[in-house]
Amino acid sequence: MGKFYDVFNGDADGICALHQLRLAEPREARLITGVKRDIALLARPADDPEICHSSITVLDISLAKNRQALTALLKRGNQVHYIDHHFADKIPQSDLLTTDIDPDPEICTGLIVDRLLAGRFRAWAVVAAFGDNLHAAARAAAAILSLDDNDLAKLREIGELFNYNGYGKTLADLHFPPATLYEAVRPFVNPLDFYKSSDILTRLRRGFNQDMELARNTVPLIDNAVGRIYKFPAQAWPRRAAGVFANEKAREAENRAHALLVDNGDGSFMVSVRAPLLRRKGAVDLCRRFPTGGGRAAAAGINNLPEEMLDDFFNAFEETFAS
C-alpha cells in the first residue's frame, strides 16, 4: 500500500466531515483541499503518476465533477472511499471504490459521516450541518446531546464562520487556508472546547461582521415574488460573504429563491443560488444549465457565468422557481 491522502472541500462541511472520520480512524495523510468552489480536487492526485496503490478518502466534492480523475486513480490501483451529498450521476464500478453518497437535500457530508460512525462525534456533525445552512437538521441531530441554547448557538457560529471562510476565488481571499482550520480543530473532540480555546474564531468573526455589513447594505438587482437576485462588484469581500449572505437571505424569506452574482473581473460572474427553504429543489438543475455550474438541489453555484448569459440566467431562474 502506498501513501494516504485526504481530499476534502474547504468549507465547514468538508472540514468537519474529515475531522469526525480522523477522530475515529486516526492517520497521517497528505491533505488536498482548497476554496469552497475548488471542487475538481481529485485532478491533483490524478495528475501525479506517482500516486498509485494508495488509500484516498474523498469528502464533500461532487463525483460528477471528478469522475474522470476518479477513474484514472482507480486504474492505478488506488483504493478510494468517496463520501458526499452532491449530485453524483453514474458511479464507476470497481472493487477499489467504496461510496457513501446521499444527495438528500436535508443531509450534508458531515451527517453522512456521523451516520457511518453511529454518532460518536455528533457535535461536529451539528457544526457541519449549521455550516451548510441545514438548521433544522442540525437541531434534530443535536437533540440527543442535551445542549442548552447558548451552546447550540456556539456550534452554529463555528459552522457559519468556517463556511464563510471557505468562500473566495483563490486562497488569497480567505482569512485562513482550509487546511489550517482543519489542523486547528484536530486536537478537539468537543467543538465547544475549540470555541473556548481558539483565537481563530475572533479573526473570522471580525471579518464576517465587516463583510456582512457591506453585503446587507446592497439593494437587490431583482426583487419579486419568485425571489431576489443580488449583484456585487469584483472585490474580495463579496467573494467571501456570498455564500453566507445567500444562506441568510434564504432563511429570511423561506418561500423565495435567491441568487448572488459576484463580478469575477474577467467578463464573467461567480453565482450562488439557494432554492426556497420550504421546497429545497431546483438549484442544481438551474446551475447545470450553464457552463461551470453544479452543486445540490437546495444550494448550487456557477463559477464562471459569462456576462452575455446574464439575461438567460435571469429567465432560467424565474422559470425554475416560479413553478
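Described below are features of the structure shown in this document. Note that this is a predicted model, so its numbers are computed, not measured.

**Some words on the sheet that holds strand β5 (residues 97-101)**
No. 1: In spatial order, the strands read β2-β1-β3-β4-β5; together these five strands make up an open sheet with parallel pairing. Taken across any chain shown, the strands that pair with only one partner, and hence form the sheet edges, are β2 (30-32) and β5. Looking at each pair of strands side by side, their axes are set apart by 10° on average, direction ignored.
No. 2: Here five bridges tie strand β3 (residues 55-59) to strand β4 (residues 79-84), and the two strands are oriented parallel to one another. Within β4, the position partnered with Ser55 by the bridge is Gln79.
No. 3: The strands that helix α4 (residues 109-116) touches are β3, β4 and β5; relative to β4, the one it contacts most, it runs at about 115°.

**Regarding the environment of Ile101**
No. 1: Of note, Ile101 is situated in strand β5.
No. 2: According to the relative accessible area criterion, Ile101 is partly exposed, its value standing at 22%.
No. 3: When the C-alpha positions of Ile101 and Ile91 are compared, they lie 9.9 Å apart, and in sequence the two are 10 residues distant.
No. 4: Dropping the residues within four chain positions of it, Ile101 is found in contact with Leu63, Tyr82, Asp84, His86, Ala88 and Ile91.

**Overview of the pattern of salt bridges**
No. 1: Taken as a whole and judged by the stated rule, the model has 22 salt bridges.
No. 2: Across the salt bridge formed by Lys36 and Asp11, the nearest N and O atoms sit 2.5 Å from each other. Of this pair, Lys36 sits in the loop between β2 and α2 (43-46) while Asp11 sits in the loop between β1 (4-8) and α1 (12-24), placing them 25 residues apart in sequence.
No. 3: Judged by relative accessible area, Lys36 falls into the buried class, the value being 15%.
No. 4: A residue is classified by how much of its surface remains accessible, and Asp11, at 1% relative accessible area, is buried.

**Focus on helix α13 (residues 310-322)**
No. 1: Taking 1.5 Å per residue, 13 residues should reach 18 Å; α13 reaches 18 Å between its end C-alpha atoms and fits that length.
No. 2: Those residues of α13 that fall on the buried side of the exposure criterion are Leu310, Phe313, Phe314, Ala316, Phe317, Thr320 and Phe321. The buried residues of α13 occupy one face: seen down the axis, they fall within an arc of 165°. In this structure, α13 carries Asp311, Asn315, Glu319 and Ala322 as exposed residues pointing more than 90 degrees from its buried face.
No. 3: Tucked inside the fold, the buried residues of α13 contact β6 (222-223), β7 (227-232), β8 (257-263), β9 (268-274), α12 (283-287) and β11 (299-306).

Calculation notes
- Residues numbered from 1 in each chain as written.
- Predicted model: local features only at pLDDT ≥ 70, side-chain atom pairs only at ≥ 80, totals over all residues.
- Heavy atoms only, no water.
- Pairing = 2+ DSSP bridges.
- Helix = DSSP H or I, 4+ residues; strand = E, 2+ residues; numbered from the N terminus.
- Axes fitted to C-alpha atoms, helices over the stretch in contact; angles between N-to-C directions.
- Contact = heavy atoms within 4.5 Å.
- Buried < 20%, exposed > 50% of the residue type's maximum accessible area, 1.4 Å probe, protein only.
- Salt bridge = Lys/Arg side-chain N within 4 Å of Asp/Glu carboxyl O.
- Expected span 1.5 Å × (residues − 1).
- Arc of directions from axis to C-beta.

These figures capture arrangement, not role.
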